[in-house]
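Each chain is listed here by its residues.
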Amino acid sequence: MLNAQARELRLDLQPARDGSLHTIRADAQAVLDSLMAEASEHAKLIVDAFASIEAVAVGMRCGATEASAARKVVDGLTDGGALLRYNRTLPVRPEIVAMIEALSDKGPAVRVTKPTEITAP
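The rules behind these values
Residues numbered from 1 in each chain as written. Predicted model: local features only at pLDDT ≥ 70, side-chain atom pairs only at ≥ 80, totals over all residues. Heavy atoms only, no water. Helix = DSSP H or I, 4+ residues; strand = E, 2+ residues; numbered from the N terminus. Buried < 20%, exposed > 50% of the residue type's maximum accessible area, 1.4 Å probe, protein only. Contact = heavy atoms within 4.5 Å. Arc of directions from axis to C-beta. Core = buried A, V, L, I, M, F, W, Y, C linked by side-chain atoms within 4.5 Å. Expected span 1.5 Å × (residues − 1).

Participant: Whenever I open this one, the side chain of S52 confuses me. Can you help?
Facilitator: The residue S52 is located in helix α1 (residues 2–60) in this model. Judged by its relative accessible area of 6%, S52 is buried. Apart from the residues within four sequence positions on either side, S52 is in contact with V92, R93 and I96.

The structure is reproduced here in structure tokens:
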């Protein structure tokens, strides 16, 4: 008799447990959505920095190590079902283009390329 009552009580509590679990999961999903939005904003900053790092590496022929490291990070952020979806061509910040361009008239010893866009990994 006691076992039957306990079983019946468990069955009566199950909908309440299911409902509270649904509420908890919905609340957790709202937190996850907010965190993903925040992570996405930070990832966009990293992708933007990558475009500038790559532009310096290509344009001034220095910073290959930094560009390689940044490329790996961007690849991880954008590959497959990753955090970001983005265009394959990334704009370079105007101030970086201007910095590289300022070196273009320094003579043949300083060879620069002035990329205004970078192809993402």
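Participant: Would you explain the environment of T89 in this entry?
Facilitator: Looking at where T89 falls in the secondary structure, it is placed in strand β1 (residues 89–91). Between the C-alpha atom of T89 and that of T116, which follows or precedes it by 27 residues, the distance is 9.9 Å. Beyond its immediate chain neighbours, meaning those up to four positions away, T89 contacts E117 and I118.

Participant: Is there a simple way to explain unusual backbone geometry in this structure?
Facilitator: A positive phi angle, near 55°, is found at R61, a position not held by glycine. Relative to the assigned elements, R61 resides in the loop between α1 and α2 (64–78). With a relative accessible area of 48%, R61 lands in the partly exposed category.

Participant: What's the story with helix α3 (residues 94–101) in this structure? I'm lost.
Facilitator: A turn of α-helix holds 3.6 residues, and therefore any two residues three or four places apart point the same way. Taken residue by residue, α3 has I96, V97 and I100 as its buried positions. Down the axis of α3, the buried set is contained in an arc of 100°. They therefore lie on one face.

Participant: Can you help me understand the side chain of E54 in this one?
Facilitator: Mapped onto the elements of the fold, E54 is located in helix α1. For E54, a relative accessible area of 11% puts it in the buried group. The contact partners of E54, leaving out residues within four places of it in the chain, are A67, R71 and I118.

Participant: Explanation requested: the nonpolar core in the structure shown.
Facilitator: In summary, soluble globular proteins display a tendency toward joint burial of nonpolar side chains. Within the largest apolar cluster, 17 residues are counted, with the highest numbers of intra-cluster contacts made by V47, F50, A55, L90, V92, I96 and I118. Mapped by element, the contributors of at least two residues to this core are α1, α2 and α3. Per element, the largest residue contribution to this core is six residues, and it comes from α1. Leave out the neighbours within four places in its chain, and V92 touches A51, S52, A55, V97, P115, T116, E117 and I118.

Participant: Even after reading the chapter, I still don't get α2, so can you show me in this structure?
Facilitator: The end-to-end C-alpha distance of α2, which contains 15 residues, comes to 21 Å, matching closely the 21 Å that a straight helix rising 1.5 Å per residue would cover. When α2 is considered as a whole, its buried residues turn out to be A67, A70, V74, L77 and T78. Considered in projection along α2, the buried side chains sweep an arc of 85° and stay on one side of the axis. Exposed and facing more than 90 degrees away from the buried side of α2 are A64, T65, K72 and G76.

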